[in-house]
Amino acid sequence: QVQLVESGGGLVQAGGSLRLSCAASGRTFSSCAVAWFRQAPGKEREVVAIIDWSGGGTYYADSVKGRFTISRDNGKNAVYLQMNSLKPEDTAGYYCAAQHALVPSTSPLSYDYWGQGTWVTVSS
């Protein structure tokens, strides 16, 4: 069993930065692929970034490429999402999710464990 807790959300002006953290508990976390998803009001949940269990493989949605960076520290059981050059359209609830998979999926249906989310608001 893996439990996830997100933190780091808040209000920021357009062009600013935030760093989200996902703290995990559970012995198997280091073998999990981890993704950040986001969901804005009235919209479907969408993948933002994924990192494989080793940290050597990453994926980014086109909308965040070049602005967001996902990383992990398995020694601390944590995954991070550094968000730079934020835009108002980045406003959403951000969720950390984990799955036991060698080839991570972009579908939220494939993830076994979820955090409660942290809200990010980007003002124009």
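Here, every reference points to the structure presented above.
Residues numbered from 1 in each chain as written. Predicted model: local features only at pLDDT ≥ 70, side-chain atom pairs only at ≥ 80, totals over all residues. Heavy atoms only, no water.

(A) How the structure looks around the state of the cysteines. Using the criterion set out here, one finds one disulfide in the structure. Between the sulfur of Cys22 and that of Cys96 lies a disulfide, 2.0 Å long from S to S. Residues Cys22 and Cys96 are joined through a disulfide that is left-handed, its torsion about the S-S bond being -75°. Here Cys22, found in strand S3 (residues 18–25), pairs with Cys96, found in strand S9 (residues 92–99); they are 74 residues apart in sequence, far enough to count as distant. Judged by relative accessible area, which is 0%, Cys96 ranks as buried. We note that Cys32 lacks a disulfide partner, and the nearest cysteine sulfur, in Cys96, lies 9.8 Å from it. Residue Cys32 is classed as buried on the basis of its relative accessible area, which comes to 0%. (Disulfide = S-S within 2.5 Å. Helix = DSSP H or I, 4+ residues; strand = E, 2+ residues; numbered from the N terminus. Buried < 20%, exposed > 50% of the residue type's maximum accessible area, 1.4 Å probe, protein only.)

(B) Seen up close, the sheet that holds strand S1 (residues 3–7). Overall, antiparallel pairing links the four strands, which are arranged S1-S3-S8-S7 in an open sheet. At either end of the open sheet lies a strand with only one pairing partner, and these are S1 and strand S7 (68–73). Each adjacent strand pair in this sheet contributes to an overall mean axis angle of 15°, direction not counted. Judged from the six bridges that link them, S3 and strand S8 (residues 78–83) form a sheet pairing that is antiparallel. By the bridge assignment, Leu18 is partnered in S8 with Met83. (Pairing = 2+ DSSP bridges. Axes fitted to C-alpha atoms, helices over the stretch in contact; angles between N-to-C directions.)

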